[in-house]
Amino acid sequence: MSFFNRASGFSIHGSNFISNEITVNGINVMGMKQKLLRFVAKGAAHDSNAQYEAPKCHEDTRTQLLSDLHDWIKEPEKETGIFLLHGPAGAGKSCIARSTCEKADEAGLIGASFFFWRSANDRNNAEKLFTTIAYQLATKSDEVAKYIAAAIEQDPRLLHDAPLECQFQKLLYEPCCLVPRERLNIGVIVIDGLDECIDPAVQVTILQILAKAVRYDGFPLGFFITSRPEHHLQIVFDSKELIFATKLISLDRVPGVSQDIQTVLESGFTRILNDRQFRMALKSVPRPWPSLETIKELIKRSSGQFIYAATVMRFISSPNHNPNAQLEIILGIKKSGSTSPLADLDLLYTEILSRAQDTERTMKVLGYILAIQRDPHKDCNKYLPMAIGKAVTLNQQRLLLIIEQLLYLSPGEAYFSLNQLHSLILIKVGSESFRRNLKIEFHHKSFVDFLTRKSRSKAFYVDINSTHLSIAQSCLIFMNNPKYETDEQHAATPELMQNLESAAQDFHDNRFLNKKLTHEVEEHLLSWLKKLPNAPLNIIDTWQKAFEKAKCATLDKMDDYNEYFCNHFNQCPTGTCHDNSKAIP
C-alpha cells in the first residue's frame, strides 16, 4: 500500500520531509493561488474546457486582421494600450478572440483572458473578472504572483468584497507594474464579449478603468477587447478618455469579408463531399458541387455575417438528410429585399423552424427553455434569454423531463422536438442515461435574439413574459395532481421552485396577474407548498405577501375561481381545455 498515493508538493530525504511550497516574505504564494482559484469564473479563460471546442477562425480567413493584432501584441511599447474590436452579432468577434489567444499563447505572450457569456452566472457579470485574470497572471509569472499574494494577504476582501477599481489596482495594476518590464514577458490580456456583461453601467466602468490604466498610469500590458457596438458603449468609444488610448476597429470596415466567407463555404462543402456518410447521396450530383454561382449567391445572402455561412453549412450537413436537397431548400428561400444585414439570416431561421415536424410543440419547448431561468442579477421584471450556451444544463440534468411534465408531453417528445433543429441547436448526450446527461447548446446568440424580437421572428416570436405565465399555469395544474404530493420523484425541484418564485414576484408586482386570487386558490397553493419537505421558505413568504397585497387592492370582484381560470388559465399547455372546476379541490 502506498501512503502517499498521488501526493505532490514535497520530497523525502532520509527521514526529513521538505515542503516545496513557495513563500515570499513569509507569504505562501501557492496557498494564495489555491485561495484565488475559488474566485475564478469557470469557463472564462481561453484554455478552459468550455472554450476548447468553441469555434475559431478558419486558418485562411481574417489573416490580415490577425496578423495586425499579433504585431500589436508583440510591441513592447504600445502607442495605444487598448485594441478594441467591435461588430454586430454573427460577425465572428469571439472566433477572432479565440484565434488571437491561441496564437499569443503559442508565442508565450498572453497574460490572461476572460470570455463573457450572458448565460453563465460566473461570466455574465464582473464579480470574478479581475480575480480570474489575476489567477492566470499568477500562473504565468512567479514575480507577479508574489505581489498578488502580498495584496491578498494584506486585504482578503479583494477577492470578494472590493470595488472593481480597487480589485484592478491591487490585483493587476500594482503587481504588474512592480515587475521590471524586461522580466515581464507578457503582452496582452484578452476580454471578449464585453456587451455580454448584463449591467451596462459595469461595462462602461470596465472600459474607463482600463483606459485610465493604459493612458495615464503606464500599465505595461495591452488589452484586446471585443464587443457589440451597443449605444452606451459607442458613446464611451468616442470619448476622449478612450480615443487617445485605443485602437478602434470596426469589423464592418475590415476588407476581404466576402472572400473569407467564400473560404468557409468552400471548405465546408469539401468536407461534405469527402464525408463517407454522404458519398452515395452525392454520387450522381453534377460536379463541381455546388457551382460557383451558388457559392456567390450564398455569399451575397450572408451580408458579411459569418454566422449565416456557419448556419447554412450545419443545415446542409445535417445527418440523415441529402446535402444537395438541403442546399436546394436554402436556395429556394426567397431572398429578402430588406437592407438589414440580418434579414436573410432571419429568413433562414424562419425556414428551418417552419420545417419542424410539430412547429407548435417545438416552439413551446424552445420558449420554456428560454424562460425557465431569469437573470438573478437584475430586477425580477427584467427577463433575459438565459438559455444560450452550456448554462442550459442548469446543473439540472432533468431539464427536458421537467419541460415534458409541464407541457404534458410523452417521454422523449421534448428531446425529439429539439433534435429536428440540428443546425440551430446542439444536443450532446452523455455516456450514461441520456435523460440525465443532456447538454443543450444554441449554436449562436443571434438565434436567441431572433426568437425574442417580434419584428424579426414574427410567427416564431417567443414572448418571455407570456411564457412565464404559461409556466406558472402549468405548475398550478401539475401540482393539483394528487400523485405530485406523494411521489418522491416529484419533490420541489429547483426548476419548479424557480418558476413559482418568478410567478409570485410578478404577481406581487401587479404585472403577472392583476386580479385577486380566490380563497380556494390561495389555500391550495400555500397548503401544497407547506407540505413539500424542501420548499424554500422565502417562496412561501413571497406568495403569502402576494396574496395579502391582492386582498388589499381595489379590484373587480370575481364571482368564483372559475372566472379566474377562464380569464387566465383557459387552456392547458397542450391546447386541450381542462375542466377548470376540478382544478382546485
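Above this text sits the structure in question.
Since the structure is predicted, the reported quantities are computational estimates derived from the model, not experimental observations.

Student: Mind showing me how you'd approach the sheet that holds strand 9 (residues 246–250) here?
Tutor: Hydrogen bonding along the main chain pairs the strands of a sheet, whether they run parallel or antiparallel. Pairing in this open sheet of five strands is parallel, and the strands run 6-7-8-5-9 from one edge to the other. In the strand order of this sheet, the two ends are held by strand 6 (110–115) and strand 9, each with one partner. Neighbouring strand axes in the sheet, compared pairwise and without regard to direction, differ in orientation by 10° on average. The sheet strands contacting helix 4 (residues 93–106) are strand 5 (82–86), strand 6, strand 7 (188–192) and strand 8 (222–227), and the helix crosses strand 6 at an angle near 160°.

Student: Help me understand helix 15 (residues 343–354), please; the structure alone is not making it clear to me.
Tutor: A turn of α-helix holds 3.6 residues, and therefore any two residues three or four places apart point the same way. Here helix 15 is twelve residues long and its end C-alpha atoms lie 16 Å apart, about the 16 Å a rise of 1.5 Å per residue gives. Along helix 15, nine of the twelve residues are buried, which leaves the element largely enclosed by surrounding structure. Of the positions making up helix 15, those classed as buried are Ala343, Asp344, Leu345, Asp346, Leu348, Tyr349, Glu351, Ile352 and Leu353. Along its buried surface, helix 15 packs onto helix 12 (292–302), helix 13 (306–316), helix 14 (323–332), helix 16 (359–371), helix 19 (445–451) and helix 20 (454–457).

Student: Would you mind showing me how to read the pattern of salt bridges here?
Tutor: Pairing is possible between side chains that carry opposite charge, provided their charged atoms lie close to one another. In this structure the tally under the stated criterion is 13 salt bridges. Here Glu143 and Arg183 are joined by a salt bridge, their closest N and O atoms 2.8 Å apart. With Glu143 in helix 6 (residues 142–154) and Arg183 in the loop between helix 7 (164–178) and strand 7, the pair connects residues that are 40 residues apart, well separated along the chain. Since its relative accessible area comes to 44%, Arg183 is described here as partly exposed.

Student: Looking at this structure, how should I read the nonpolar core?
Tutor: If you look at soluble globular proteins, the nonpolar side chains tend to sit buried side by side. Ranked by size, the top nonpolar core spans 62 residues in total, and within it Phe269, Leu353, Leu366, Ile425 and Phe447 carry the most contacts. Those residues in contact with Leu353 that lie beyond four places of it in its chain are Thr359, Met363, Leu366, Leu421, Leu424, Phe447, Phe450, Leu451 and Phe460. Listed in part, the 58 residues of the second largest apolar core include Met32, Ala126, Ala162 and Leu233.

Cut-offs and rules
Residues numbered from 1 in each chain as written. Predicted model: local features only at pLDDT ≥ 70, side-chain atom pairs only at ≥ 80, totals over all residues. Heavy atoms only, no water. Pairing = 2+ DSSP bridges. Helix = DSSP H or I, 4+ residues; strand = E, 2+ residues; numbered from the N terminus. Axes fitted to C-alpha atoms, helices over the stretch in contact; angles between N-to-C directions. Contact = heavy atoms within 4.5 Å. Expected span 1.5 Å × (residues − 1). Buried < 20%, exposed > 50% of the residue type's maximum accessible area, 1.4 Å probe, protein only. Salt bridge = Lys/Arg side-chain N within 4 Å of Asp/Glu carboxyl O. Core = buried A, V, L, I, M, F, W, Y, C linked by side-chain atoms within 4.5 Å.

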